[in-house]
Amino acid sequence: MLDFTKCSVEQLMEEKQLLEKKYADYVGQKLKLDMSRGKPASTQLDLNNDILSTLETYITEDGTDARNYGVLDGLSEAKKLFSELLNIAPANMIIGGNSSLNLMYDAMTRLFLFGTEGELPWCKLDKVKFLCPSPGYDRHFAICEDLGIEMITVPMHEDGPDMDYIESLVKEDASIKGIWCVPLYSNPQGICYSDEVVDRLASMQTAAKDFRIFWDNAYGVHHIYDEVKLKDIFEAAHAAGNENRVYYFFSTSKITFPGAGVALIASSLSNIAEIKKHMSIQTIGHDKLNQLRTVNYFKNADGIRVHMKKLGNELRPKFEIVLNTLEQELAGTGLLSWTKPQGGYFVAVDTLPGCAKETVKLAKEAGVVLTGAGATFPYQNDPQDRNIRIAPTYPTVEELQKAMELFCVCVKLAGVNRLLESK
C-alpha cells in the first residue's frame, strides 16, 4: 500500500487526480445514506417484535395492576431481572422510563438544584467543572453545556481515561464535581476500562466531597466478538469507602426498542433514598406495562444474554465491513488509524491532523452523512481535527459497503490535499 506521507509532490498530484475522478463518480450516484447516529436498523428491531405480544396479564407477582398509578421505583420483577444481569441488589436501583439519558439529565439537575451530602447545591457555586474523557459521547457533553458546566477534556488511553491526569486534578480542585464514564466498549472508541482504572476511579482522593461518577454502562452486554469483563464499580467503591460516589446507568434502548426500552439508575442506598424523595414529586411512576413486557419477554438474565448473541450476529457483519474496508483501503497509507472494538456500537477513526472536518464535508456532499467532526469532544472542538465516529448499525449491509468505500476515498482526498498544503 502506498504511504502517502512519504510521497513527492508529483506523486501526490497524480493521486489527487485519480481520487477526484473516483469522488466525482460517487457524487454522480446521488447517494442518500445516514450514518450520523447509532441507530438500530429495522432488521435489528425486528428481532424484538415478539415483545409487543407478551402482556397476557396486567397483574404483577405481588398483585399490582400495572395499568394503574404507583410503584415509583419500578416493578420488583424488573428489578430482579436487571439484578441478575448486572449484579446489582434490587434495593440499589430505580427502574425508570425508556431513556437512561433522561435519568442522567435528572441526576445532574438534582445536584444543581438540591445538592447532596450536605454540600451546597451546584447552582449556588461560582463554578462547576466536569471531567470528560475524550473522544466521548456527545450527548453527555451536551448536558454539561446545557447546564453551564465547564468541561475538562481528559485523554483516553487503551485501558481507559488518563488516571494520572484525573487524580492530579480532582485532588486539588473542589469545583470539579464529577466525571462521565462509558466503561465498556466506550463511545466511540470501544475502549474497556481496566481493573486498575476502575479501582483508581473508585478510590481516588477528591477535593469535592460530593464528587460523582456518572457510570453510563450503555454497552454492558453488547458483545460482538469476545466478551470482555468489567470490574464491578460498586464493589470497588465500597472497598474504598466511597459508596455514594457512583451513579450507574443502564437501559435496554439498544437491546429491544430505542423508543420503548427500560432504563435504570443504581446507586448507594442513601443516594437512592435521596433520588426517590425528589422523584416522588416529579412523577407518580413510570411505564410499568413496558417493564412487565420486558420481563415477560426475556424471563431472566440468561434470556437477555441469548438475545444479545443474536444481536451480536446481526451486527458483526457490519463491523467487519467497516474494519475490512479500512484495512484494505487505508492500512499503510499513513492517512488513518482506527480502533478494533470487541463490542459496542461504534468504530472511531483518526485522520491526519486537520482532516476530519474536510473528510466529513466531502462525504456529506457525496450523499453520506457522518457524525459531525468534533462531536466526540467537549464544545464540539477536537483540538487536532482528527477524530470521526463511524456508526455502522443503521444502513443495510449493501449501503454500508458503499458508504465505507466512499469514506475511504474522502479520507484519501482530504489527506492528500493536506499533505500538498504542507509541502
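Residues numbered from 1 in each chain as written. Predicted model: local features only at pLDDT ≥ 70, side-chain atom pairs only at ≥ 80, totals over all residues. Heavy atoms only, no water.

Asks: How should I be thinking about the packing of helix 4 (residues 100–114) against helix 5 (residues 138–147) in this particular structure?
Replies: Think of two packed helices as two axes; the pair is described by the angle between the axes and how far apart they sit. For the pair helix 4 and helix 5, interaxial distance at closest approach is 11 Å and the crossing angle is 30°. The orientation of helix 4 with respect to helix 5, classified from their angle, is roughly parallel. Remark: the crossing between helix 4 and helix 5 carries right-handed chirality. Contacts between helix 4 and helix 5 involve Leu101, Met104, Tyr105, Met108, Thr109 and Phe112 on the former and, on the latter, Arg139, His140, Ile143, Cys144, Asp146 and Leu147. (Axes fitted to C-alpha atoms, helices over the stretch in contact; angles between N-to-C directions. Helix = DSSP H or I, 4+ residues; strand = E, 2+ residues; numbered from the N terminus. Parallel < 35°, antiparallel > 145°, perpendicular 65-115°, else oblique. Left-handed = near helix turned anticlockwise from the far one by under 90°. Contact = heavy atoms within 4.5 Å.)

Asks: Just checking my understanding: could you explain the packing of aromatic side chains for this structure?
Replies: Where two aromatic rings form a pair, the distance of their centres and the angle of their planes describe that pair. Counted according to the given criterion, the structure contains 14 aromatic pairs. For the ring pair Tyr219 and Tyr345, a centre distance of 6.2 Å and an interplane angle of 20° mean the geometry is stacked. Of this pair, Tyr219 sits in the loop between strand 7 (212–216) and helix 8 (233–239) while Tyr345 sits in the loop between strand 10 (336–338) and strand 11 (347–351), and the two are 126 residues apart along the sequence. Each member of the pair, Tyr219 together with Tyr345, is buried. An aromatic cluster of at least three residues, connected via ring pairs, comprises Phe112, Trp122, Phe130, Trp180, Phe214, Tyr247 and Phe249. Positioned above the aromatic ring of Tyr394 is the side chain of Lys39, whose terminal nitrogen or guanidinium carbon lies 4.7 Å from the ring centre. (Phe/Tyr/Trp six-rings, centres within 6.5 Å; stacked < 30°, edge-to-face > 60°. Buried < 20%, exposed > 50% of the residue type's maximum accessible area, 1.4 Å probe, protein only. Lys NZ or Arg CZ within 6 Å of the ring centre and 35° of its normal.)

Asks: I'm lost on unusual backbone geometry in this one. Help?
Replies: Leave glycine aside and you will find that most residues have negative phi; peptide bonds, for their part, are mostly trans. In the segment running from Ser134 into Pro135, the intervening peptide bond is cis, with an omega of 5°. Position of Pro135 relative to the elements: it lies in the loop between strand 3 (129–134) and helix 5. Geometrically, the link from Asn187 to Pro188 is a cis peptide bond, its omega value of 10° lying close to zero. Counting through the fold element by element, Pro188 comes out in the loop between strand 6 (176–181) and helix 7 (195–203). Look at Val71: it is not a glycine, yet its phi comes out positive at around 55°. With respect to the helices and strands, the residue Val71 is situated in the loop between helix 2 (42–46) and helix 3 (76–86). Taking the relative accessible area as the measure of exposure, Val71 reaches 30% and is therefore partly exposed.

Asks: Help me out: how do you make sense of the state of the cysteines in this one?
Replies: A covalent bond between the sulfur atoms of two cysteines is what we call a disulfide. As enumerated under the stated definition, the model contains zero disulfides in all. Unpaired in this structure, Cys181 has its nearest cysteine sulfur neighbour in Cys132, at a distance of 10 Å. In this structure Cys181 comes out as buried when scored by relative accessible area, which is 0%. Residue Cys410 stays outside any disulfide, its sulfur separated by 9.1 Å from that of Cys408, the closest cysteine. The buried category is assigned to Cys410, whose relative accessible area is 0%. (Disulfide = S-S within 2.5 Å.)

Asks: Honestly, the layout of surface pockets in this entry has me stumped. Any pointers?
Replies: Over the atoms rolls a probe the size of a water molecule, and in doing so it shows where empty space is left. Reported here for the largest pocket is a volume of approximately 710 Å³. Surrounding the largest pocket, 29 residues form its lining, Leu85, Gly220, His223, Glu227 and Lys229 being those nearest its centre. Within the residue set of the lining of the largest pocket, elements represented by two or more residues are helix 3, helix 8 and helix 11 (301–330). Of the residues assigned to the lining of the largest pocket, the class counts are 15 nonpolar, five polar and nine charged. Forming the boundary of the second largest pocket are 23 residues, of which Ser100, Tyr137, Arg139, Ser253 and Lys254 lie nearest the centre. Grouping the amino acids of the lining of the second largest pocket by side-chain chemistry returns nine nonpolar, eight polar and six charged. (1 Å grid on protein atoms, 1.4 Å probe; cavity = no way out; pocket = protein on both sides within 12 Å on 5 of 7 lines; lining within 4 Å. Points joined across faces, edges and corners; volume = space filled by probe spheres on them. Nonpolar A, V, L, I, M, F, W, Y, C, P; charged D, E, K, R; others polar.)

Asks: Looking at this structure, how should I read helix 7?
Replies: Structurally, the α-helix is built with 3.6 residues per turn, so residues lying three or four positions apart point the same way. Of all the positions in helix 7, only Val197, Val198, Arg200, Leu201 and Ala202 are classed as buried. Summarising the contacts, the buried residues of helix 7 are in contact with strand 5 (160–161), helix 6 (163–170), strand 6, strand 7 and helix 8.

Asks: What should I look at first to understand the pattern of salt bridges in this one?
Replies: If the charged atoms of two oppositely charged side chains come close together, the side chains can form a pair. Counted under the stated rule, the structure contains 22 salt bridges. Linking Asp3 and Lys6 is a salt bridge whose minimum nitrogen-to-oxygen distance equals 4.0 Å. The exposure class of Asp3 is partly exposed, given its relative accessible area of 22%. The salt bridge partner of Glu117 is Arg212, with a shortest N-O separation of 2.8 Å. With Glu117 in the loop between helix 4 and strand 3 and Arg212 in strand 7, this residue pair connects regions lying 95 residues apart in the sequence. Take Glu117: its relative accessible area is 28%, and that puts it in the partly exposed class. Residues joined in a network through salt bridges with shared partners are Asp164, Glu167, Glu196 and Arg200. (Salt bridge = Lys/Arg side-chain N within 4 Å of Asp/Glu carboxyl O.)

Asks: How do you make sense of empty space enclosed by the protein when you look at a structure like this?
Replies: Enumeration according to the criterion identifies three cavities of 30 Å³ or more in this entry. Space inside the largest cavity adds up to approximately 90 Å³. Along the walls of the largest cavity sit 13 residues, with Pro133, Gly136, Trp180, Val182 and Tyr193 positioned nearest its centre. Among the residues forming the lining of the largest cavity, the class breakdown is nine nonpolar, four polar and no charged. In this structure, the second largest cavity occupies an estimated 70 Å³ of space. Lining the second largest cavity are Ala107, Arg110, Leu111, Phe114, Gly115, Thr116, Tyr247, Ile265, Glu274, Ile275 and His278. Those elements giving two or more residues to the lining of the second largest cavity turn out to be helix 4 and helix 9 (269–282). Take the lining of the second largest cavity: its biggest share by element is four residues, from helix 4. Its residues assigned to classes, the lining of the second largest cavity shows six nonpolar, three polar and two charged.

Asks: What am I meant to see in the environment of Pro188 here?
Replies: Using a relative accessible area of 0% as the deciding quantity, one classes Pro188 as buried. Setting aside its immediate chain neighbours within four residues, Pro188 contacts Pro135, Gly136, Phe346, Val347, Ala348, Thr376, Asn387 and Arg389.

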